[in-house]
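Structure assessment
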Amino acid sequence: MDYTKRLNNTIQQVKPSGIRRFFDIVSEMDDVISLSIGEPDFRTPWHVSKAAIDSLEKGRTWYTPNRGFEKLRDEISSFVKRKYNLTYSAKEEILVTVGGSEALDLAMRCLLNPGDEVLIHQPSFVCYEPLTLMAGATPVVINTQQENCFRLTAQELEDAITPKTKLLVLSYPNNPTGAIMRRGDLEAIAEVIIKHDLMVISDEIYSELTYGDRHVSLASIEGMRERTIVINGFSKAFAMTGWRLGYAMGPAPIIDMMTKLHQFGIMSAPTVAQYAAIEALRNGDKDIDKMRDEYEMRKRYVVGEFNAMGLECFEPNGAFYSFPCIKSTGLTSEEFCTKLLASKKVAIVPGNAFGESGEGYVRVSYSYSLKHLKEAISRIKEFLQELNV
Ligand code: PMP
């Protein structure tokens, strides 16, 4: 049967993720050493898992309120106040979702109408363009530059704005570059946003993973709270990707509308995960610190090695990715990754999977043990020697 006429036109036109295409090749091969994954290699801290087990033992397996348990929203409210000086009402301005992913989708669908333009800086996480299209709006890409440390500049933003621009998706600490935005960078962006009366979805999922500078939330910049939806979650900070829990914070009318969508599409985020998350927020600071220290040590090793082997590597200040430049090899990102995989069985992700401006780069995750990283790095070295560049 021909299904094309039976399926949704917009979704049919959305291209599948470039990361997936590459993983399909990897999954067909044996003995591959991968540096391609975008999730913590740590186990969820045991006291967090234990809280979830306790909730199951007590038979707490019912739906929660649509917005999530109130005590979880209270904990989120205290956490973001303590960490980023954000003030959000647990009752009205926080929604617990199925990962940051669901929160991003809800935010897009609640803010956008057909014809609206959405500014997306790239290289960046792969879902923003497809979600924009699926919400019926038009993505407009801004290519950030390595000479600006992959930060979005006020001028780049200003240049991309048209009368149709409605929304900016800001994504720092950034996947795949590891770039962060400092307070001054955010203030410059905020001025343009306010001048043009735009809204922002600020994806701050890596906010707890910064090295050196503490994360600054866009919503803490003067004038931005009323025009920002902050997206965050438990996947990265607490090594909880599989628990599928995130949250959105923003002005009550927007959170109300997102809750309406969430209520009809999802009902409530997983109950067992919400019990785990309460424990993580109450008693998880030390776990975050330990994991962050470990990532930072690995980062120094990986970045140092890339620079030493002649692949210039931008200094990442957040998340757990390095983004070395491979232009000196004369290969495209896809050629580099495909050849490396075929000859040395090391899987990394071509930079162009994160947008055209990622061409000439590769994403190497350092969310792996040092032993694993050392083996992969030594194979990449051999690969470069054999390329003879
Ligand atoms: N935003 C960014 C920038 C990400 O890298 C990811 C996951 N890789 C997500 C959002 C989604 O995270 P989750 O749904 O697990 O909370």
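The structure this text deals with has already been given above.
Report on the accompanying structure.

Thresholds applied
- Residues numbered from 1 in each chain as written.
- Predicted model: local features only at pLDDT ≥ 70, side-chain atom pairs only at ≥ 80, totals over all residues.
- Heavy atoms only, no water.
- Helix = DSSP H or I, 4+ residues; strand = E, 2+ residues; numbered from the N terminus.
- Rg over C-alpha atoms; globule rule 2.2 N^0.38 Å.
- Buried < 20%, exposed > 50% of the residue type's maximum accessible area, 1.4 Å probe, protein only.
- Polar contact = N/O pair within 3.5 Å; in protein donor to acceptor, adjacent residues only side chain to side chain.
- Contact = heavy atoms within 4.5 Å.
- Pairing = 2+ DSSP bridges.
- Salt bridge = Lys/Arg side-chain N within 4 Å of Asp/Glu carboxyl O.
- Right-handed = clockwise from strand over helix to strand, strands pointing away.
- Near = heavy atom within 4 Å.
- Areas by Shrake-Rupley, 256 points an atom, 1.4 Å probe, with all protein chains shown as cover.

Some points on the overall build of the protein chain
Per the secondary structure count, the protein chain includes 13 helices and 12 strands. Taking 389 residues into account, the globule formula puts the C-alpha radius of gyration at 21 Å, and the protein chain, at 21 Å, falls close to it. The principal-axis extents of the C-alpha atoms in the protein chain amount to approximately 60 × 55 × 55 Å. Every one of the 389 residues in the protein chain was classed for burial, and the buried ones make up 57%.

A short note on the side chain of Thr165
Position of Thr165 among the secondary structure elements: in strand S5 (residues 165-171). Residue class for Thr165 comes out buried when judged on its relative accessible area of 9%. In terms of polar contacts, Thr165 uses its side chain to reach the backbone amide nitrogen of Thr162, at 2.8 Å. In contact with Thr165, other than residues within four places in its own chain, are Glu117, Leu119, Ala160 and Leu198.

A closer look at the sheet that holds strand S9 (residues 321-322)
Spatial ordering of the open sheet is given by S9-S12-S11, a layout of three strands whose pairing is antiparallel. Every other strand in the sheet has two partners, leaving S9 and strand S11 (349-350) as the edge strands with one partner each.

Regarding the pattern of salt bridges
Under the definition given, this model contains 24 salt bridges. Between Lys83 and Glu208 there is a salt bridge, with its nearest N and O atoms 2.9 Å apart. Of this pair, Lys83 sits in helix H4 (residues 70-84) while Glu208 sits in the loop between strand S6 (199-203) and strand S7 (228-233), placing them 125 residues apart in sequence. For Lys83, a relative accessible area of 14% translates into the label buried. Two residues, Lys381 and Glu305, come together in a salt bridge whose shortest N-O distance is 3.0 Å. With Lys381 in helix H13 (residues 370-387) and Glu305 in helix H11 (residues 285-308), the pair connects residues that are 76 residues apart, well separated along the chain. The class for Glu305 is buried, based on a relative accessible area of 18%. Members of the salt-bridge network, linked through shared partners, are Arg82, Lys83, Glu208, Asp285, Asp289 and Arg292.

Brief notes about the side chain of Ser217
Following the sequence through the fold, Ser217 ends up in the loop between S6 and S7. Take Ser217: its relative accessible area is 1%, and that puts it in the buried class. A distance of 3.0 Å separates a polar atom in the side chain of Ser217 from a polar atom in the side chain of Glu204. Those residues in contact with Ser217 that lie beyond four places of it in its chain are Tyr84, Leu86, Leu186, Glu204 and Val230.

So, the pairing of strand S3 (residues 117-122)
Most of S3 is tucked away, with six of its six residues classed as buried. Bridging between S3 and strand S4 (residues 138-143) involves six bridges; their strand directions are parallel. Following the sheet pairing, Glu117 is matched in S4 by Thr138. As a crossover connection, the stretch from S3 through helix H6 (residues 128-134) into S4 is right-handed. Here four bridges tie S3 to S5, and the two strands are oriented parallel to one another. Bridged to Ile120 within S5 is Val169.

Quick word on the site of the ligand
The environment of the ligand is formed by Gly99, Gly100, Ser101, Phe125, Tyr128, Asn175, Asp203, Ile205, Tyr206, Ser235, Lys236 and Arg244. In the model, an oxygen atom of the ligand is placed 2.7 Å from a nitrogen or oxygen of the Gly100 main chain. The side chain of Asp203 places a nitrogen or oxygen atom 2.6 Å from a nitrogen atom of the ligand. If the ligand stood free it would expose 400 Å²; the protein chains cover 92% of that surface. In terms of residue count, the dominant contributor to the shell around the ligand is helix H5 (residues 99-111) (three residues).

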